[in-house]
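# Breakdown of the fold
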Amino acid sequence: MKFDYPRELSFAHPDYEVGCGGTEEPFIGFTGQTFLYVWHKERKEHYYYCFEEDMFWGEKEYHQLENKAFNP
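Here goes a summary of the coordinates provided. Treat the numbers as computed from the prediction; the structure is a model and nothing was measured.

### Here's the deal with the overall build of the protein
A count of helical and extended segments in the protein gives two helices and seven strands. Shown N-terminal to C-terminal, the secondary structure of the protein runs as helices and strands in the order β-β-β-α-β-β-β-β-α. Its C-alpha radius of gyration of 12 Å places the protein within 12% of the 11 Å reference for a compact globule of 72 residues. Dimensions of the protein along its principal axes, counting C-alpha atoms only, are 35 × 30 × 20 Å. Sequence-distant contacts in the protein: of pairs separated by 6 or more residues, those separated by 24 or more amount to 29%. Put simply, the protein shows about 4800 Å² of open surface, and 50% of that area lies on carbon and sulfur atoms.

Below you can see the structure in the form of structure tokens.
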């Protein structure tokens, strides 16, 4: 899938699909990096995909780190 926001981005991983039935859009996360909310088809779990690192963050991990960043 291609996105134009905030710059042209592509997401294509065979085990994942774009979250919320393909309606999710990339966003700038608390780290300043670009993330996309995605769904792992076999595990049936959501993840945050980081475009800059080409890495998937678990929901729990993402939110724990986000809370630490805003509540040191």
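### Quick notes on the state of the cysteines
Throughout the structure, instances matching the rule amount to zero disulfides. The thiol of Cys 20 is not disulfide-bonded; the next cysteine sulfur, from Cys 50, is found 19 Å away.

### Digging into the pairing of strand β7 (residues 55-58)
Sheet topology note: the strand β6 (residues 45-50)/β7 ladder contains four bridges and is antiparallel. Within β7, the residue paired with Tyr 47 across the bridge is Gly 58. Between β6 and β7, which pair antiparallel and follow one another directly, the connecting turn spans four residues, one of which, Asp 54, has a positive phi of 50°.

The rules we used
Residues numbered from 1 in each chain as written. Predicted model: local features only at pLDDT ≥ 70, side-chain atom pairs only at ≥ 80, totals over all residues. Heavy atoms only, no water. Helix = DSSP H or I, 4+ residues; strand = E, 2+ residues; numbered from the N terminus. Rg over C-alpha atoms; globule rule 2.2 N^0.38 Å. Contact = heavy atoms within 4.5 Å. Areas by Shrake-Rupley, 256 points an atom, 1.4 Å probe, with all protein chains shown as cover. Disulfide = S-S within 2.5 Å. Pairing = 2+ DSSP bridges.

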